There are 2 protein chains.
Amino acid sequence: MAEGLQPQVGQSLLFLTDEQLRKGIEAMFFAYRGFTADPDRILAQKGYGRAHHRAIHFIHRSPGTTVNNLLSILGVTKQSLNRVLRTLIEDGLVESTVGTRDKRERHLHLTAEGATLERALSDAQRDRMRAAYRAAGPAAVAGFRQVLEAMMDEETRHHYEAMKDKTE
Amino acid sequence: MAEGLQPQVGQSLLFLTDEQLRKGIEAMFFAYRGFTADPDRILAQKGYGRAHHRAIHFIHRSPGTTVNNLLSILGVTKQSLNRVLRTLIEDGLVESTVGTRDKRERHLHLTAEGATLERALSDAQRDRMRAAYRAAGPAAVAGFRQVLEAMMDEETRHHYEAMKDKTE
DNA sequence: TTGGAATGTCAACAAAGCTGACGTATTGTG
DNA sequence: CACAATACGTCAGCTTTGTTGACATTCCAA
């Protein structure tokens, strides 16, 4: 809508045409399906869904995290998260312990069984990611990350940045 | 799980470490939320959801497409798509016409009102995309697309490729 | 011409999001 | 201390969007 109105400065803005943007949008849609396909298959066997995967991922990522913290990372309501956490705790994949400093808080950890599932899920997802990275090469990967980061909401980017340097 | 076992060839495989892959996975998760946030707000006002957006997008993209074709692009069941299409048709955003050659088929088009909503949705989504592209630059965008394409399922990539060159 | 394949519709159910209300335990503050 | 705020859990009820199963219509080929 806007691009057609401005003169192109050399060829440097060709990547910003509506057509290029539309392709990017569709690429994002189709790629995200591939991105979730492998874990989805594993989850379906166990009777879980993507919501369980997300909880498991971020508990693994930040062991001992509180419910509230998880809530703000996932961007869902506590009722919604609670439904998922309850089943994971009942099934013995997640452990919830009362906080020592603040007893209102619950600290979340994966049990051995939970860690096993986490491993299976992230192995599957990483395998595809690795294949894509390898096919595209390091320079493309850097660009990939740059664009994704620029696409995030301001607040979301803070969560992302905060976790970025944890283990490097 | 696998990376630690192989010797790194110079520094060229550093981008394939589990840690790098994990960051890519989280970037994908967080970015996708941003990617859908703007259209979601518009849709919520009108009482629609993401499924309506996807239908509208691809009908706009391929006017006259059949239900079956749309089905294979979207990767959902016909019953699920049908519910969405029915409301869009009832609300006068989409027109369904019986096929002339094969009367079993329905050909789908956007009405003027449907095209207006499509415009609003894709403007919003493109605005964010454009900002991200502009911030990252043309080289990063090329890499972004490369990695996304490599991440798609084989069959999905065919859909993507088929639509790629339609208007260029 | 008739039976099977393809296309699309209706019904009922499940996962996972949401809002709103409320209970309980704990913490912090005036 | 009294009381407000915080953290968490839960119940009820609704919405979106996916699923399977059953069925009507249409086409095509034996």
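Described below are features of the structure shown in this document. Each chain has its residues counted from 1, following the order in which its sequence is written. To label them, take the chains in the order written and letter them from A, then take the ligands in the order written and number them from 1. Only residues with pLDDT of at least 70 get local features here, since the model is predicted, and only at 80 or more are side-chain atom pairs given and counted; chain-wide, interface and lining totals rely on the full set of residues. Water and hydrogen atoms were dropped before computing side-chain values, which therefore reflect all heavy atoms in the structure.

1. Observations regarding the relation of the copies chain A and chain B
Least squares is the method used to superpose the copies, on C-alpha atoms of residues holding a pLDDT of at least 70 in both. For the match of chain A to chain B, the screw axis carries a shift of 0.0 Å, the RMSD comes to 0.2 Å, and the turn is 180°. In symmetry terms, the pair is related by a two-fold rotation axis. In terms of proximity to the rotation axis, the leading residue of chain A is Phe144(A), whose C-alpha is 1.9 Å off the axis. We call two residues contacting when some pair of their heavy atoms lies within 4.5 Å. Most of the interface of chain A is mirrored in chain B, where 100% of its interface residues are also at the interface.

2. Considerations on the pattern of salt bridges
Here, a salt bridge means any Lys or Arg side-chain nitrogen found within 4 Å of an Asp or Glu carboxyl oxygen. Tallying each qualifying case throughout the model produces 28 salt bridges over all chains. Across the pair Arg61(B) and Glu26(A) runs a salt bridge whose closest N-O atoms are separated by 3.0 Å. In this pair, Arg61(B) is assigned in helix α2 (residues 50-61) and Glu26(A) in helix α1 (residues 18-46), connecting two distinct chains. As far as the burial class goes, Arg61(B) and Glu26(A) line up, both buried. Three or more residues are tied together by salt bridges with common partners; here these are Asp18(A), Asp123(B), Arg126(B), Asp127(B) and Arg130(B). Helix numbers and strand numbers start at the N terminus; a helix is a DSSP run of H or I with at least 4 residues, a strand a run of E with at least 2. Throughout this description, buried means an accessible area under 20% of the type-specific maximum (1.4 Å probe, protein chains only), exposed means over 50%, and partly exposed covers the range between.

3. With respect to the packing of α2(B) against helix α4 (residues 78-90) of chain B
All names here are of chain B. Put simply, α2 and α4 touch, their axes get as near as 10 Å, and they point 75° apart. Here α2 is positioned roughly perpendicular relative to α4, judged by the angle of their axes. The residues of α4 that touch α2, namely those facing Ala 51, His 52, Ala 55, Ile 56 and Ile 59, are Leu 81, Val 84, Leu 85, Thr 87 and Leu 88. All residues other than Ala, Val, Leu, Ile, Met, Phe, Trp, Tyr, Cys, Pro, Asp, Glu, Lys and Arg, Gly among them, are scored as polar; the first ten of these are nonpolar and the last four charged. Considering only residue class, the contact of α2 with α4 consists of eight nonpolar, two polar and no charged. Every axis corresponds to a line fitted to the C-alpha atoms, with the helix fit spanning only the stretch in contact, and the corresponding angles, defined between N-to-C directions, vary from 0 to 180 degrees. Our angle categories are set so that under 35 degrees counts as roughly parallel, over 145 as roughly antiparallel, 65 to 115 as roughly perpendicular, and the remainder as oblique.

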